[in-house]
Amino acid sequence: MAIRFILLVNKQGQTRLAQYYEYLTLDERRALEGEIVRKCLARSDNQCSFVEHRNYKVIYRRYASLFFLVGVDGDENELAILEFIHCVVETMDRYFCNVCELDIMNHLEKAHFILEEMVMNGCILETNKSNILAPIQLMDKSS
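Report follows, based on the coordinates. On a predicted model such as this, the values are computed, not experimentally measured, just so you know.

A look at the packing of helix α2 (residues 78–96) against helix α5 (residues 129–142)
No. 1: Between α2 and α5, the shortest axis-to-axis distance is 10 Å and the interhelical angle comes to 35°. Between α2 and α5 lies a crossing of right-handed hand. Seen from α2, the contacting residues are Glu90, Thr91, Arg94 and Tyr95; seen from α5, they are Lys129, Ser130, Ile132, Leu133, Ile136 and Asp140.
No. 2: A class-by-class count of the residues in the contact of α2 with α5 yields four nonpolar, two polar and four charged.

Have a look at this one:
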């Protein structure tokens, strides 16, 4: 298993979406999110986007007002995860027409659905935007 968690966080440090691929209690999740978010938000723009925290390697990228954070095993390729983050953003952009924090908050289930189409059990399964969005667009048509 490569990806341990995916977090979408705003500039104030509020978690807008959290997806975990390993079991952590609610208290452990809260503590982990708080520590990682503080660490990533405190970094300047000219510092690299990779942070080691506990037994995770955290790769993050900021898009507008949202930070996309991905926690992985120590031996995972950081550049591949940065590319994955970019793919997630592009896919959400295509679906939400220029994704923003409000889109995530108002359509949380759809954001989770997009992530679930891309990642299963911590493994990246799909990166083709059309294949990812086809099921959710079918659900939109039927409703």
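With respect to the nonpolar core
No. 1: With 30 residues, the main nonpolar core has Ile3, Ile6, Met92, Ile104, Ile114 and Met118 as its most contacted residues.
No. 2: Of all elements in the fold, only β1 (3–10), β5 (66–72), α2, α4 (108–118) and α5 reach the threshold of two or more residues within this core.
No. 3: Considering every element that reaches this core, the biggest residue donor is α2, with 10 residues.
No. 4: Counting 15 residues, the second largest nonpolar core, distinct from the first, contains Val9, Leu32, Phe67 and Leu69.

Let's talk about the packing of aromatic side chains
Given two aromatic rings, their pairing is described by the distance between the two centres and the angle made by the two planes.
No. 1: By the definition in use, this model includes five aromatic pairs.
No. 2: Relative to tyrosine 20, the ring of phenylalanine 5 lies with its centre 5.9 Å away and its plane at 40°, an arrangement referred to as tilted. Remark: tyrosine 20 occurs in strand β2 (residues 15–20) and phenylalanine 5 occurs in strand β1; sequence separation between them is 15 residues. In this structure, phenylalanine 5 and tyrosine 20 share a single accessibility class: buried.
No. 3: For the pair tyrosine 63 and phenylalanine 68, a centre-to-centre distance of 5.8 Å together with 90° between the ring planes defines the contact as edge-to-face.
No. 4: Taking relative accessible area as the criterion, phenylalanine 68 reaches 4% and is therefore assigned buried.
No. 5: An aromatic cluster of three or more residues is present, and its members are Phe5, Tyr20 and Tyr56.

Cut-offs and rules
- Residues numbered from 1 in each chain as written.
- Predicted model: local features only at pLDDT ≥ 70, side-chain atom pairs only at ≥ 80, totals over all residues.
- Heavy atoms only, no water.
- Axes fitted to C-alpha atoms, helices over the stretch in contact; angles between N-to-C directions.
- Helix = DSSP H or I, 4+ residues; strand = E, 2+ residues; numbered from the N terminus.
- Left-handed = near helix turned anticlockwise from the far one by under 90°.
- Contact = heavy atoms within 4.5 Å.
- Nonpolar A, V, L, I, M, F, W, Y, C, P; charged D, E, K, R; others polar.
- Core = buried A, V, L, I, M, F, W, Y, C linked by side-chain atoms within 4.5 Å.
- Buried < 20%, exposed > 50% of the residue type's maximum accessible area, 1.4 Å probe, protein only.
- Phe/Tyr/Trp six-rings, centres within 6.5 Å; stacked < 30°, edge-to-face > 60°.

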